[in-house]
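Spelled out from the first residue to the last, the chains are:
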Amino acid sequence: MNDPKQSGLKKAGLQVFQWFETRLGLGHQIEEMSGHPTPVSAASWWYVFGSAAMVLLVMQVMTGILLALVYSPSASNAWPSLQFINHDLTLGWFLRAMHGWGSDFMIAIVLIHMAQVFLFGAYKFPRELTWIVGVLLLLLTLGMAFTGQVLRFDQDAYWGLGIGASITGSIPLIGGPAVHLLLGGPIVGGATLSRFFTLHVFVIPGILLVSVGVHLMMVLKLGINEWPMPGRLVRKADYEKNYKELTKKTGVPFVPDAAWKDAVFAAVIMLSVMSCAWFLGPIGPTGVPDPTIIQTAPKPDLPFLWIFAVLAYLPPELETALLLTAPPLIIGGLLLLPLVAGEGEKHWSRRPVAVLMVTLIAVVLGIFTRLGTYAPWSPQMDAWSSYTVPAEYLEHRTPLERRGAVVFQEKQCRDCHSLNSVGGQRGPALDKVAAEMTEDQIIRQILQGGGNMPAYGKALNPAETKALTSFLMTLHGHQRAAKDASLGTVPQNGTHPAASAVPSAPATETTPAR
Amino acid sequence: MSQPDKDPQLHGQDHGADAATPFAMEWQGSEAEKLDARPSASSRRAFLFKLAVGFNAVVGVVMAVPILGFLLGPVFKKRDDNHTWVSLGGVETFPLGETRLANYVNPVKGPSDGDTAKIACWVRRTEEDKFQVFAVNCAHLGCPVRWFAQSKLFLCPCHGGAYYEDGTRASGPPPRGLFEYQHRIQGGTVEIFAGEMPTLSNEACTGKKPLIQISPTNDDQRRPA
């Protein structure tokens, strides 16, 4: 310390700092910001999600800039340039993987941050605008995810744009022009990709970064939300005075007392992103975006799978109405929340509706996302030619019944109906269909369709129908085949023994061994 | 030490007005400057400022014309600029009674479209001179439907929309049958009037049905042979 040389160096360093400080004045501001008093109760592990989202944003910006060095935003070259990044550039695959997984992590963290803020009542006075800007940030984050998915210009991206256009096209009156505006022309093509590139790289990030700045500025100006206490109500009249007193009594400087937890969590999140990237690899691209290759089953990325699922389950007549009203209602509700409920109780234990809502939304999103991963509503397009009829379903069957099994496969029934849990799940599994429906009911269902099943009257000739029905009538598990009760008392000339006949009737002998 | 600290704060303030600021003599300003700093003079400057803002607003409006015009260009393009008759190939390439996938190059192809300029459609030949040409896009959300000749159905991989061989809706979420192209036979080739991605809005924005027969049933009777 007493070494004059060292102190001279120190002095010089201080002078350089002071030179900048005189002109920039940043150091003093940063010191003030980082040291701003935080209620000690808020120096909690529950308060780390916002900063983690910001760190992820910085990571996304950095990896995004690196990817933009190579990526080509033209419909003819985008896909090859992604392959080039994946396979030909040193660690290109890892950069793409980090950017892709970083996106999923960011959405997850933003949602958790939002749920935490909601449950802790942090959106109430005077932090209403912080919440509103936060809702905007969520929408921008989702916008980044959607536009980013388009930039991964593969089959899913191409048809995903078609889905976007179809939804936009269902808006009354302005639907048509809106589609053209979205696609940059009358059809998905080069102009579409370049405008999504512009959105993803310039427009949305610009708004996003400014909004994050405003969001953060308000957090600093208004202070971090204190840990809520049951019964400690927020009133506009005295909240700020009380908060000031609380921070005066129990305040600790944000750095280092609270910030160390943020730093640890951010590091853990970054490590998680990198682990996912390393072990699971980059996301896509799937097949070439060639619209003439129609052997594809487009699916959106993870954050939008739940919408994909909802669209499958909505009744057709409700769909357009709901698609057009639900988003403005949900977003409007989120924006209005702090203005409507800006005062009162903050603690979750006194806000059962809030807790229920968060739980319900989380469960619903989780279920729909899970359903979206295996899409039981989609026909399995190649099931009819890929899978065999289980051998036990063919044992001890007559030639006609076996011929029926061939018809079953050949007419693509398997694409929607599973046997032995293999096949499509759009329609019911048919392992025990004869136990649930009589022969007449089965014939009518096949020929006339109904209840989400197309009519096969034109696609089956009488011989095929007869064979198919007799095969299906052998599928009744360990139960007896269903019979029309009114026919049961009249002998049916041997084709089908009456229900009152001996239990060892031919139909029961052909029960599949399972 | 105190002087540099104060500097940044000074920047934000109105220099001339604050008499309390301790200026050195040489910074006091000349008599003419002091005279100029009077409020009466500043109101003239306020007027000039307002005038300048107004001037900028006018220039901004003028500038908005090309900006918005460029941005909204695709919206104002006339339908006929996008649509052309496109050949799908000779009549003989489509066997009678079958439904085949045909490809064409989108007439509004741009320089960077690459593979996406190619579009597929389903061509069904019912009689010697009778055709139906369907868009591959499902009427629900635009996914590509696939033809299954054995069960005579078009199936959509996304949400399971199903259509019969004549394009009418069979089951699932689609609100209508498959979109159909206007078509004609010209010099032994099948031609369609193409150039736009079919969505439910095509009807809404044009008010008529030039590209697509909207009603899902009885198309055969209404279409000119």
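Residues numbered from 1 in each chain as written. Chains lettered and ligands numbered in written order. Predicted model: local features only at pLDDT ≥ 70, side-chain atom pairs only at ≥ 80, totals over all residues.

Caption draft 1: Molecular detail of the overall build of chain B. Helices and strands together make up the secondary structure of chain B, namely seven helices and ten strands. Looking at chain B as a whole, 35% of its 225 residues are labelled buried. (Helix = DSSP H or I, 4+ residues; strand = E, 2+ residues; numbered from the N terminus. Buried ≥ 20, exposed ≤ 12 C-beta atoms within 10 Å, placed from the backbone.)

Caption draft 2: Highlighting the overall build of chain A. Across its full length, chain A holds 21 helices and two strands. Taking 24 Å as the expected radius of gyration for a compact globule of 514 residues, we find that chain A reaches 31 Å, considerably beyond that expectation. Within chain A, contacts between residues at least 6 apart in sequence are counted, and of these 78% link residues at least 24 apart. (Rg over C-alpha atoms; globule rule 2.2 N^0.38 Å. Contact = placed C-beta atoms within 7 Å.)

Caption draft 3: The arrangement of the nonpolar core in detail. Counting 64 residues, the largest nonpolar core has Cys121, Val145, Leu153, Phe154, Tyr163 and Leu178 of chain B as its most contacted members. The biggest single contributor to this core is helix 7 (residues 155–169) of chain A, with seven residues. Beyond its immediate stretch of four places on either side in the chain, Val145 of chain B contacts Val136, Cys138, Phe154, Leu155, Cys156, Tyr163 and Leu178 of chain B. In this structure, Tyr47, Val110, Ile204 and Ala266 of chain A belong to the second largest nonpolar core, which totals 39 residues. (Core = buried A, V, L, I, M, F, W, Y, C linked by C-beta atoms within 7 Å.)

Caption draft 4: Molecular detail of the domain arrangement of chain A. Segmentation of chain A into domains returns domain 1 (34–374) and domain 2 (383–509). Computed from C-alpha atoms alone, the centre-to-centre distance between domain 1 of chain A and domain 2 of chain A is 49 Å. (Domains from an automatic or database assignment.)

Caption draft 5: Summary view of the sheet that holds strand 3 (residues 118–127) of chain B. Residue and element names in this part refer to chain B. If you walk across this open sheet you meet the three strands as 2-3-4, and the pairing is antiparallel. A strand with exactly one partner marks an edge of an open sheet, and here the two such strands are strand 2 (99–105) and strand 4 (130–135). Strand-to-strand twist across the sheet, computed as the mean angle between neighbouring axes with direction ignored, equals 35°. Looking at chain direction, strand 2 and strand 3 are connected through seven bridges and run antiparallel. Residue pairing across strands places Arg100 opposite Val123, the latter belonging to strand 3. (Pairing = 2+ DSSP bridges. Axes fitted to C-alpha atoms, helices over the stretch in contact; angles between N-to-C directions.)

Caption draft 6: Seen up close, the confidence of the model for chain A. The pLDDT averaged across chain A works out to 91; a share of 94% of its residues lies at or above 70. Low pLDDT, under 50, characterises residues 494–514 of chain A; the predicted model gives this stretch 23 contacts beyond four residues in sequence or across chains. (pLDDT = per-residue confidence, 0-100.)

Caption draft 7: A look at the sheet that holds strand 6 (residues 153–155) of chain B. Residue and element names in this part refer to chain B. Read across the open sheet, the four strands follow the order 5-6-7-8; overall the sheet is antiparallel. Because the sheet does not close on itself, it has two edges, and the strands there are strand 5 (146–148) and strand 8 (169–171). Along the sheet, successive strands turn relative to each other by an average axial angle of 35°, direction set aside. Pairing of strand 7 (residues 162–164) with strand 8 involves two bridges; the strand directions are antiparallel. What sits directly across from Tyr163, in strand 8, is Arg169.

Caption draft 8: Structural view of the pairing of strand 3 of chain B. Residues and elements named next belong to chain B. Summarising the sheet, strand 3 and strand 4 pair through six bridges and their orientation is antiparallel. Paired with Arg125 across the two strands is Phe131, which belongs to strand 4. The antiparallel hairpin formed by strand 3 and strand 4 contains two residues in its connecting segment.

Caption draft 9: Inspection of the packing of helix 6 (residues 128–151) of chain A against helix 9 (residues 190–222) of chain A at higher detail. Residue and element names in this part refer to chain A. Packing of helix 6 against helix 9 leaves a shortest axis separation of 9 Å and a crossing angle of 155°. As far as their axial angle goes, helix 9 and helix 6 are roughly antiparallel. Crossing of helix 6 against helix 9: the hand is left-handed. Classifying every residue of the contact of helix 6 with helix 9 by side-chain character gives 20 nonpolar, eight polar and no charged. (Parallel < 35°, antiparallel > 145°, perpendicular 65-115°, else oblique. Left-handed = near helix turned anticlockwise from the far one by under 90°. Nonpolar A, V, L, I, M, F, W, Y, C, P; charged D, E, K, R; others polar.)

Caption draft 10: Up close: the packing of helix 5 (residues 92–119) of chain A against helix 14 (residues 352–374) of chain A. All names here are of chain A. Running from N to C, helix 5 and helix 14 point in directions that differ by 165°, and their axes come no closer than 10 Å. In terms of orientation, helix 5 lies roughly antiparallel with respect to helix 14. Considering how the two elements wind past one another, helix 5 and helix 14 form a crossing that is left-handed. Contacts between helix 5 and helix 14 involve Ala115, Phe118 and Leu119 from the former and Ala354, Val355 and Val358 from the latter.

Caption draft 11: Layout of the interface of chain B and chain A. Contact with chain B, which involves 54 residues of that partner, is made by 59 residues of chain A. The set of elements that each furnish at least two residues to the side of chain B that touches chain A consists of helix 1 (2–11), helix 4 (73–76), strand 3, strand 5, strand 6, strand 7, strand 8 and helix 6 (201–206) of chain B. With four residues, the top contributor of residues to the side of chain B that touches chain A is helix 6 of chain B. Tallied by class, the residues present in the side of chain B that touches chain A amount to 28 nonpolar, 19 polar and seven charged.

Caption draft 12: Representation of unusual backbone geometry in the model. Residues and elements named next belong to chain A. With omega at 0°, the peptide bond leading from Phe125 into Pro126 counts as cis. Inspection of the secondary structure assignment puts Pro126 in the loop between helix 5 and helix 6. Even without glycine at this site, Leu173 takes up a positive phi of about 70°. With respect to the helices and strands, Leu173 occurs in the loop between helix 7 and helix 8 (175–183). Its identity is not glycine, yet Asn452 carries a phi of approximately 80°, on the positive side.

Caption draft 13: Inspection of the pairing of strand 9 (residues 183–186) of chain B at higher detail. Residue and element names in this part refer to chain B. The pairing of strand 9 with strand 10 (residues 189–194) spans four bridges and is classified as antiparallel. Its bridge partner lying in strand 10, His183 is registered against Ile192. Taken together, strand 9 and the strand that follows it, strand 10, pair antiparallel across an intervening segment of two residues, in which Gly187 is found at a positive phi of about 55°.

Caption draft 14: Just helix 16 (residues 399–410) of chain A, in detail. Residue and element names in this part refer to chain A. The end-to-end C-alpha distance of helix 16, which contains twelve residues, comes to 16 Å, matching closely the 16 Å that a straight helix rising 1.5 Å per residue would cover. Residues of helix 16 that are buried: Glu401, Gly404, Ala405, Val407, Phe408 and Gln409. Where helix 16 is buried, its residues meet helix 15 (383–386) and helix 19 (462–472). A positive phi of about 65° marks Gln412, the residue just after helix 16. (Expected span 1.5 Å × (residues − 1).)

Caption draft 15: Layout of the environment of Leu137 of chain A. Residues and elements named next belong to chain A. Among the structural elements, Leu137 can be located in helix 6. Leu137 sits in the buried class, given 22 other C-beta atoms within 10 Å. Between the alpha carbons of Leu137 and Val55 there is a distance of 14 Å; along the sequence they are 82 residues apart. When residues no more than four places from it in sequence are discounted, the contact partners of Leu137 are Leu208, Ser211, Val212 and His215.

Caption draft 16: Molecular detail of the environment of Ala429 of chain A. Residue and element names in this part refer to chain A. With respect to the secondary-structure elements, Ala429 resides in the loop between helix 16 and helix 17 (433–436). Overall, the presence of 16 C-beta atoms within 10 Å leaves Ala429 in the partly exposed class. Along the backbone, Ala429 and Thr388 are 41 residues apart, and their C-alpha atoms lie at a distance of 15 Å. Residues within four places of Ala429 in sequence aside, it is in contact with His417 and Ser418.

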